[in-house]
Amino acid sequence: MTRCSTVGLLGCALLLACPAQAETLGGKVDQHVDDHLPSGGGKKRPKPKKQRREHHAPQHSAQSPGPPPGPRPKKKETDLPHRVFGKRFQLDPTTGLAYRGWRPQEFEKMDVSTENALTWHVGVRAKLYFIAINHAHYESNGIGSPRRSGASIATRAASATPVAAWFLGAIGFPFDWVLEPIIRYEARAFQSTLKPEAPVRIIPQSASKNDDLTTFPTTTSELTLTSAFETFVVGLRYHHDNDPSGIIASDGGSFPKIYFGVGLTQYSKPYQVRVGDQVLSDLLFDARLRGAGLALGLETGQRPESFFLDVSTQVGIGEVRLTHDFTVNETLPDGWKIGYAQGEVTGGYLHPLTRTRPTLLGGLAASVGGATFFYFKPLTTAEEDRSTPALNWDLLWGLKAFVVVPL
């Protein structure tokens, strides 16, 4: 009996002496995604059956045929703007003020202080023989560049102030053809503060998925949050009326200009791994969200005494890179993908302030846009869940007042 007790005590001592297996960064994220996406491992949970909805065909009352439609009225033409140079060289410099806002998806157990910014901007549109500058626009509340190459999350400096910046460049090659090759690049950056309400571990891009979690200490200090958004498009713009591209014209044509092509998107931002409403709240990554897909856009063109509309969109397949060697994509169950959609709508009005040569024009514009990344499963059966859990979203908006002097 004494010998057995001695052996038991020795066994317990050996077990206590063995160190517990450390939890890795990759393992924790993998387990989080695996637990909350359907068919992500483990036993499948039964899904509630969806109720079938009965669709009734709408009843149309008999109506007497009306008179045949007449010809569509043409858009109102004007002799404005009065330019200084000839038709082969036209320049539209612009300047003004804007009020910009940014709203990211809420961070779990963190207080985000997103501050709107009053910005100044300068820009130009031009037609220079065989090149059209459809957009060249820089906007900021400081002097810094909108491109942020550093970390998107860091301990807040005492003198740090919120920063907003925006650059948009788009050029075309207007040949005597209804299709115009275009290149479009856009970059935006917003900076704000983040206050953790509970201890959080900041994971840099240089980290590895095999790193022990204890490598990254927890913090509750106030943090500086920087998000940078970039888009790039190569495509063709369709001119139904083969009218001037980009510049302000007296006649905008009878059909909007439409472009289509290939689009690329990249975001750098602080990110908590999210599957719908389920958030891995104790890890904050310096993440890179990327996507490639189809780009579409529409522009009515700007004319004096007229409203204008500009729409740009992208949709495609995305990637979320948490560290240099670890993506959310590699944690997905079989058949699941990450998709993205982003876009912006801008509308406004252009009014002549003078009718001199050159003409001074004033404009007001409002814009709203943003982007979303989401999980989806392209091929599903009737019994499978067809939901697309949210992964991330950001909302951008702005109001702008500007003046243009067509030359």
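As the structure is a computational prediction, the values presented were derived from the model and not from experiment. (Residues numbered from 1 in each chain as written. Predicted model: local features only at pLDDT ≥ 70, side-chain atom pairs only at ≥ 80, totals over all residues. Heavy atoms only, no water.)

(A) Quick peek at the overall build of the chain. Of regular secondary structure, the chain possesses 2 helices and 19 strands. Per-residue burial for the chain yields a buried fraction of 44% across its 407 residues. Restricting the contact set of the chain to residue pairs at least 6 apart, pairs at least 24 apart contribute 73%. If you sum the accessible surface of the chain, you get close to 22400 Å²; carbon and sulfur atoms cover 60% of it. (Helix = DSSP H or I, 4+ residues; strand = E, 2+ residues; numbered from the N terminus. Buried < 20%, exposed > 50% of the residue type's maximum accessible area, 1.4 Å probe, protein only. Contact = heavy atoms within 4.5 Å. Areas by Shrake-Rupley, 256 points an atom, 1.4 Å probe, with all protein chains shown as cover.)

(B) The arrangement of unusual backbone geometry in detail. Geometrically, the link from R357 to P358 is a cis peptide bond, its omega value of 5° lying close to zero. Phi at K109 takes a positive value of approximately 60°, unusual for a residue other than glycine. Following the sequence through the fold, K109 ends up in the loop between β1 (89-104) and β2 (110-113). Phi at E305 is positive, roughly 60°, even though this residue is not glycine. Judged by relative accessible area, which is 24%, E305 ranks as partly exposed.

(C) The arrangement of a nonpolar patch on the surface in detail. There is a patch of nonpolar side chains on the surface, built from L128, Y129, F130, I131, I171, F175, W177, V178, I183, F232, V234 and L264 and spanning about 1100 Å² of accessible area. Position of V178 among the secondary structure elements: in the loop between β6 (164-172) and β7 (179-196). V178 sits in the partly exposed class, given a relative accessible area of 31%. (Patch = residues over 30% accessible without salt bridge, like charges linked within 9 Å, V, L, I, M, F, W, Y side chains within 5 Å. Salt bridge = Lys/Arg side-chain N within 4 Å of Asp/Glu carboxyl O.)

(D) Local environment of the side chain of E230. Summarising the element assignment, E230 is placed in strand β10 (residues 223-238). Side chain to side chain, E230 and Y185 meet in a polar contact 2.6 Å long. (Polar contact = N/O pair within 3.5 Å; in protein donor to acceptor, adjacent residues only side chain to side chain.)

(E) Inspection of the pairing of β7 at higher detail. Of all the 18 residues making up β7, 14 are buried; the element is thus mostly covered by neighbouring parts of the structure. Examined bridge by bridge, β2 and β7 share 4 bridges and lie antiparallel to one another. Within β7, the residue paired with D111 across the bridge is K195. Here 9 bridges tie β6 to β7, and the two strands are oriented antiparallel to one another. Across the sheet, F167 pairs through a bridge with A187, a residue of β7. Bridge analysis of β7 against β10 gives 16 bridges, and the strand direction is antiparallel. Bridged to R184 within β10 is V233. (Pairing = 2+ DSSP bridges.)

(F) Just the nonpolar core, in detail. Core analysis: the biggest nonpolar cluster contains 44 residues, and V29, L194, F285, L322 and Y375 have the highest contact counts within it. When residues of this core are assigned to their parent elements, the largest contribution, 5 residues, is made by strand β14 (residues 283-299). Setting aside its immediate chain neighbours within four residues, L322 contacts V29, P204, Q205, Y271, V273, F285, D286, A287, T327 and V328. Counting residues in each nonpolar core, the second largest holds 6 residues, with F308, L361, A365 and V404 among its members. (Core = buried A, V, L, I, M, F, W, Y, C linked by side-chain atoms within 4.5 Å.)

(G) Highlighting the side chain of T119. Its location among the elements puts T119 in strand β3 (residues 117-128). Note on T119: relative accessible area 3%, which makes it buried. Beyond its immediate stretch of four places on either side in the chain, T119 contacts G96, L97, A98, R100, E139, S140, N141 and A164.

(H) Quick look at the pairing of strand β18 (residues 361-376). As judged from the 16 bridges shared by strand β17 (residues 337-352) and β18, these two strands associate in the antiparallel manner. Across the sheet, G348 pairs through a bridge with A365, a residue of β18.

(I) Focus on the packing of aromatic side chains. Within this structure, the stated rule accounts for 10 aromatic pairs. Relative to F376, the ring of F374 lies with its centre 6.0 Å away and its plane at 55°, an arrangement referred to as tilted. A residue is classified by how much of its surface remains accessible, and F376, at 18% relative accessible area, is buried. Members of the aromatic cluster, connected to one another through ring pairs, are W102, F190, F229, Y267, Y340 and F373. (Phe/Tyr/Trp six-rings, centres within 6.5 Å; stacked < 30°, edge-to-face > 60°.)

(J) Region of the structure containing empty space enclosed by the protein. In total, this model carries 5 cavities of 30 Å³ or more according to the counting rule given. Around the largest cavity sit 32 residues that line it, and R125, H135, H137, Q302 and K400 are the ones nearest its centre. Secondary structure elements with two or more residues in the lining of the largest cavity: β1, β3, β4 (131-140), β6, β15 (306-323), β17, β18 and β19 (390-404). No other element matches the 5 residues that β19 contributes to the lining of the largest cavity. Of the residues assigned to the lining of the largest cavity, the class counts are 12 nonpolar, 12 polar and 8 charged. Taken as a whole, the second largest cavity encloses approximately 200 Å³ of empty space. Together, 20 residues line the second largest cavity, and E186, R188, T231, Q342 and E344 are the ones closest to its centre. (1 Å grid on protein atoms, 1.4 Å probe; cavity = no way out; pocket = protein on both sides within 12 Å on 5 of 7 lines; lining within 4 Å. Points joined across faces, edges and corners; volume = space filled by probe spheres on them. Nonpolar A, V, L, I, M, F, W, Y, C, P; charged D, E, K, R; others polar.)

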